[in-house]
Amino acid sequence: MNVDTLIVGAGFSGAVIARLLAENTKQKIMVIDSRDHIGGNCYDYVNQYGIRISKYGAHLFHTTRQDVWNFISAFGSWEPWEHKVLAKIYPRDGSDDFAYAPVPICIQTIQKLYDSSVQNEEDMRRWLAEETRSIKFQTPYKNSMESAVARFGHRIYNDFFHSYTLKQWEKSPEELDASVLERIPLRYNKDDRYFTDPIQMLPSCGYTGVFKDLLNHPQIEVRLNTDYFQERHCFNGVNFTVFTGPIDGYFASRGLDRLEYRSLRFEEDTFEMGDKDTVMQPASVVNEPSMRVPYTRTVEFKQFLNQRSTHTTLVREYSASNGDPYYPVPNERNTKLYATYQQLAERETEAERRTVLFLGRLANYKYLNMDQAIGNALDHWQKWTKDDMIKTHV
Ligand code: FAD
Ligand code: UDP
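Residues numbered from 1 in each chain as written. Chains lettered and ligands numbered in written order. Predicted model: local features only at pLDDT ≥ 70, side-chain atom pairs only at ≥ 80, totals over all residues. Heavy atoms only, no water.

Visitor: What exactly am I supposed to notice about the site of ligand 1 here?
Guide: Every one of the 33 residues lining ligand 1 counts as a neighbour, but Ser13, Asp33, His59, Leu368 and Met370 are closest to it. The backbone of serine 34 places a nitrogen or oxygen atom 3.1 Å from a nitrogen atom of ligand 1. A distance of 2.8 Å is found between an oxygen atom of ligand 1 and a side-chain nitrogen or oxygen belonging to arginine 361. Mapped onto the shell around ligand 1, the elements with two or more residues apiece are helix 1 (12–24), helix 8 (228–231) and helix 11 (370–387). Looking at the shell around ligand 1 residue by residue, the class counts come to 17 nonpolar, 12 polar and 4 charged. (Near = heavy atom within 4 Å. Polar contact = N/O pair within 3.5 Å; in protein donor to acceptor, adjacent residues only side chain to side chain. Helix = DSSP H or I, 4+ residues; strand = E, 2+ residues; numbered from the N terminus. Nonpolar A, V, L, I, M, F, W, Y, C, P; charged D, E, K, R; others polar.)

Printed below as a string of structure tokens:
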């Protein structure tokens, strides 16, 4: 086969590397994906009601990295979009009288649920200091329960984080690394946006449009419905492979335990609204931190970029232990096991007598936002160029 570099996976990690190679070398690049579409987990499509749906859950692009934005904004077309999330909070007395409150926790969250007198940063700091006064966990925190309770106090922890995390991970926060709940910011002001990064955008042509542009290059060939492990023999002559699939899948024959992932299951309902601008939810994403429903959140896709349709489609997300790998499970067992896989990965180039690079959220067993996946690919490219690897190995 006349291919110089094989790229396994047509998500951001694979597609960005493919584009960089195509633009900067004379190589022929083959990108394969076992799925029937490009885009990896960012893939989206327009449904029969004209609403753009992300097949694997809502994806909001945000970044602090100007180089990432400079690179990716050249593909597709993008519009500013600031994401907001509300959580549905039920009272502790068991009644059905729920309230919608902003996530991340900010002044409006406290006003809505706990204390309407909290008005400014000073009040917020005082209120939180009081909530956390009796909490004496030592840093570094041992797990996510400690890291969240130490920052938010027991009330917020129980209302927002404990049950949601149980549903999402099938593990209590005590069993998860502190990092899981450290991801969630705490705001001392009235900024109720989900992200504060200076660059927050959505692609108007969808992520799939961005990927079409990224992969549209005469030196890049894309083959879908092609699983690397089944078709590996066809690529024996290729001397450089970039693998962006699960690292434990790649080394499955070595007999190590498998890494643990969480998956998601989606349930979709469409409703006729009549008016093209009418929506059903008070926000595009409504989190469900209570145990009253088994799903974690409901996404109303019509709200992203204010799409117009006589219908609206709601998608409920259920966490699952089986299915496509979505989230690495950050705990001690998996961290140790991944380190063993990493050692195998480091030796693989030698063993295979051809260069193999492991890149992306599945190969690096790390939750990466889209900008981090793009950024890692750009950083790798910089490193290769600096090390002159492009000339010697590729
Ligand atoms: P992927 O997109 O997973 O691509 C890997 C590809 O490799 C897949 O298409 C897979 O089919 C293919 N593959 C695997 N094994 C094989 C094989 N053996 N043969 C052939 N092909 C194979 N990030 C944000 O910045 N903002 C968000 O709002 C956001 N929301 C998210 C919501 C959810 C539910 C999830 C799970 C992730 C979210 N992310 C978000 C993260 C984002 O999805 C990732 O950053 C991005 O997908 C990483 O790209 P990747 O190329 O590394 O991996
Ligand atoms: N989380 C929570 N309650 C919420 C939102 C998030 O307990 O209302 C926890 C949960 O454990 C989740 C983690 O915080 O896995 C990270 O949330 P984020 O919204 O960043 O996750 P993602 O969008 O990647 O699912």
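Visitor: I'm lost on the sheet that holds strand 5 (residues 61–63) in this one. Help?
Guide: Sheet strands pair via backbone hydrogen bonds, and the direction of the pair is either parallel or antiparallel. One open sheet holds the 3 strands; their spatial order is 5-9-6, and the pairing between them is antiparallel. The open sheet is flanked by strand 5 and strand 6 (78–80), the only strands paired with a single partner. Direction aside, the axes of adjacent strands within the sheet are offset by 35 degrees on average. Across 3 bridges, strand 6 lies against strand 9 (residues 199–203) in antiparallel orientation. From the neighbouring strand, glutamate 79 faces strand 9, where its bridge partner is leucine 202. (Pairing = 2+ DSSP bridges. Axes fitted to C-alpha atoms, helices over the stretch in contact; angles between N-to-C directions.)

Visitor: I tried to follow the packing of aromatic side chains on my own but got confused; where do I start?
Guide: One pair of aromatic rings is described through two measures. These are the centre distance and the angle between the planes. In the structure shown here, the tally under the stated rule is 34 aromatic pairs. Geometrically, the ring pair formed by tyrosine 250 and phenylalanine 358 is edge-to-face, given 4.9 Å between the ring centres and 85 degrees between the ring planes. Highlighted residues: tyrosine 250 in helix 9 (residues 247–250) and phenylalanine 358 in strand 17 (residues 355–358), separated in sequence by 108 residues. Overall, tyrosine 250 belongs to the buried group, its relative accessible area being 5%. (Phe/Tyr/Trp six-rings, centres within 6.5 Å; stacked < 30°, edge-to-face > 60°. Buried < 20%, exposed > 50% of the residue type's maximum accessible area, 1.4 Å probe, protein only.)

Visitor: What is the right way to look at the packing of helix 1 against helix 7 (residues 206–215) in this model?
Guide: The description of two helices packed together rests on the angle between their axes and the distance between the axes. For the pair helix 1 and helix 7, the least separation of the axes is 9 Å and the interaxial angle reads 30 degrees. As the angle between them shows, helix 1 and helix 7 are arranged roughly parallel. Helix-helix and strand crossings are classified by hand; for helix 1 and helix 7 the assignment is left-handed. Where helix 1 abuts helix 7, its residues Phe12, Ala15, Val16, Ala18 and Arg19 lie against Tyr207, Val210, Phe211, Asp213, Leu214 and Leu215. (Parallel < 35°, antiparallel > 145°, perpendicular 65-115°, else oblique. Left-handed = near helix turned anticlockwise from the far one by under 90°. Contact = heavy atoms within 4.5 Å.)

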